[in-house]
Amino acid sequence: MRETESNNKVLLGMSGGTDSSVAALLLQDAGYEVTGITFRFYEKENDTEYLEDARALCERLNIPHLTYDVRDTFRKTIIDYFINEYMAGHTPVPCTLCNNYLKWPLLKKISDEMGIYHFATGHYVRRRFINGCYHITTGVDPDKDQSFFLWGLPQEILQRMLLPMGNLTKARVREIAAERGFLKAAHKRDSLGVCFCPMDYRTFLHKELPEGSILPGKFFDEMGNFIARHKGYPFYTIGQRRGLGIDLNRAVFVKEIIPAENKVILSDLKALEKTEMRLKEWHITNPALLLNKDDIIVKIRYRKQANRCTVTLQPDNTLHVQLHEPLTAIAPGQAAAFYRDDVVLGGGIII
Ligand SMILES: Nc1ncnc2c1ncn2[C@@H]1O[C@H](COP(=O)(O)OP(=O)(O)OP(=O)(O)O)[C@@H](O)[C@H]1O
């Protein structure tokens, strides 16, 4: 980095969407010298309208706009991982991986190269300094909070990030865009789910994999009794109830996936309850705030779930999570994020 001390320059990740567009306005209002950058992660049918939108906005604000092609890296580290995880019988977390290992590290790397101190996004999260470390905290809009995806960021990123959306609701962000005459940005639809797979992931796997990669197999109960045929194990995820295509006189859920035998084991909901899990590839912001405490909340889903737990570091360098109440549908590959109140303390990938 050419300039090591803090400066008023900021590199803003711009997707062409509402949030990062308003982020550009707000950062400029706050006196920052903004440079917009749009990463070419993935382009469906070569649609580059998002690039044009980001560029047009930067032109109106009279700020520089860069594009950065990372389609190869994104393909290898995110899309291939996504496909391979389903083929391994796991439930992948592409947005968590992209944010923690690609999007934010790239913002830092390019900022360093350009002598820009801050980098920013339109994420609905905030940041707080606690006991000598920066932490991600939840955004004020509970419907938009994205803290669940950002547990893996190191201090060198946390200390330099700016998060202009954190104190706003999405409704207010749309109002700001409209008030300032940025009508296209004001009325853009929210992006839904995984950017490269907005459709059902099963359709995506069909499209991406050579024919014959996924073959029909069998559903069994926990006792090993055959129940019915299924369309191929990658099409099912732990905890799934709907779309199994079988009609029993009781509710059944996916309990286990055995790729080597193309088997899917079904059970009642009770059998899916677990009171512990293990995490790999974990990150902890400040171990003193998280490990061996009994007031930690763990979330394994973006919405509507929060369980108390105690987290300990194991000799094999995994994290052990002891749940205070049972939790259903814990799937390998999913992420677990730790919180105390609104503060993200870390997370990891479920083994
Ligand atoms: N292609 C991209 N290039 C650069 N930054 C990006 C890109 N995609 C997303 N970002 C940044 O990451 C933030 C979060 O992206 P995400 O897709 O999760 O949210 P979003 O609600 O769709 O945001 P937006 O309304 O800005 O599109 C965006 O606000 C933006 O700052």
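See the structure shown above.
What counts and what doesn't
- Residue numbering note: each chain is counted from 1, following its sequence as written.
- Per-residue local features of the predicted model are confined to residues with pLDDT of at least 70, and side-chain atom pairs are confined, for both listing and counting, to 80 or more; whole-chain, interface and lining totals are unaffected and use all residues.
- In computing side-chain properties, one takes all heavy atoms of the structure into account and sets aside hydrogens as well as water.
- What counts as a helix is a DSSP run of H or I of at least four residues, what counts as a strand is a run of E of at least two, and both are numbered from the N terminus.
- Here the radius of gyration uses the C-alpha set of atoms, whereas the globule reference equals 2.2 Å times the residue count to the power 0.38.
- Remark: exposure states derive from per-residue accessible area (1.4 Å probe, protein chains only) relative to the maximum for the residue type, with buried under 20%, exposed over 50%, and partly exposed in between.
- Contact definition: two residues touch when any of their heavy atoms are within 4.5 Å.
- Using the Shrake-Rupley algorithm and a 1.4 Å probe, accessible areas are obtained, with residue cover drawn only from the displayed protein chains.
- Neighbouring residues are identified by heavy atoms, a residue being near a molecule or strand if any of them is within 4 Å of it.
- Any pair of nitrogen or oxygen atoms within 3.5 Å is treated as a polar contact; in protein, a donor-acceptor pairing is required on top of that, and neighbouring residues in sequence qualify only through side-chain atoms on both sides.
- Residues were grouped as follows: Ala, Val, Leu, Ile, Met, Phe, Trp, Tyr, Cys and Pro as nonpolar; Asp, Glu, Lys and Arg as charged; and all remaining residues, including Gly, as polar.
- Cavity: a set of points on a 1 Å grid over the protein atoms alone where a 1.4 Å probe fits but cannot get out. Pocket: an open set with protein on both sides within 12 Å along at least five of seven lines, its lining residues, like those of a cavity, having an atom within 4 Å of a point.
- Grid points are joined across faces, edges and corners, and a volume is the space filled by probe spheres set on the points.

Just to check I follow, could you spell out the overall build of the chain for this structure?
Looking only at helices and strands, the chain has 9 helices and 17 strands in total. Rg of the C-alpha trace for the chain: 22 Å, near the compact-globule value of 20 Å for 351 residues, within the 12% margin. By principal-axis analysis of the C-alpha atoms, the chain measures approximately 65 × 50 × 35 Å. In the chain, which comprises 351 residues, the proportion classed as buried is 52%. Taking all contacts inside the chain whose residues are at least 6 apart in sequence as the whole, residues at least 24 apart take part in 63%. Looking at the chain as shown, the accessible area adds up to about 17,000 Å², and 49% of this sits on carbon and sulfur atoms.

Mind showing me how you'd approach the site of the ligand here?
Taken together, 18 residues lie near the ligand, and G13, S15, D19, S20 and S191 sit nearest. Within the contact set of the ligand, an oxygen atom lies 3.3 Å away from a backbone nitrogen or oxygen of T18. Compared with its free state, where it exposes 580 Å², the ligand has 85% of that area covered by protein. Elements represented by at least two residues in the shell around the ligand include exactly α1 (18-29) and β2 (33-40). Counted by class, the shell around the ligand contains 4 nonpolar, 11 polar and 3 charged residues.

Before we go on, may I ask you to explain the layout of surface pockets in this structure?
Rolled over the atoms, a probe sized like a water molecule indicates the empty space that remains. Its boundaries defined by the atoms lining it, the second largest pocket holds a volume of some 180 Å³. Along the wall of the second largest pocket there are 13 residues; nearest its centre are I238, K255, E256, K274 and I330. A per-element tally of the lining of the second largest pocket places strand β10 (residues 253-258) first, with 3 residues. Here the residues of the lining of the second largest pocket are counted per class, giving 8 nonpolar, 2 polar and 3 charged.

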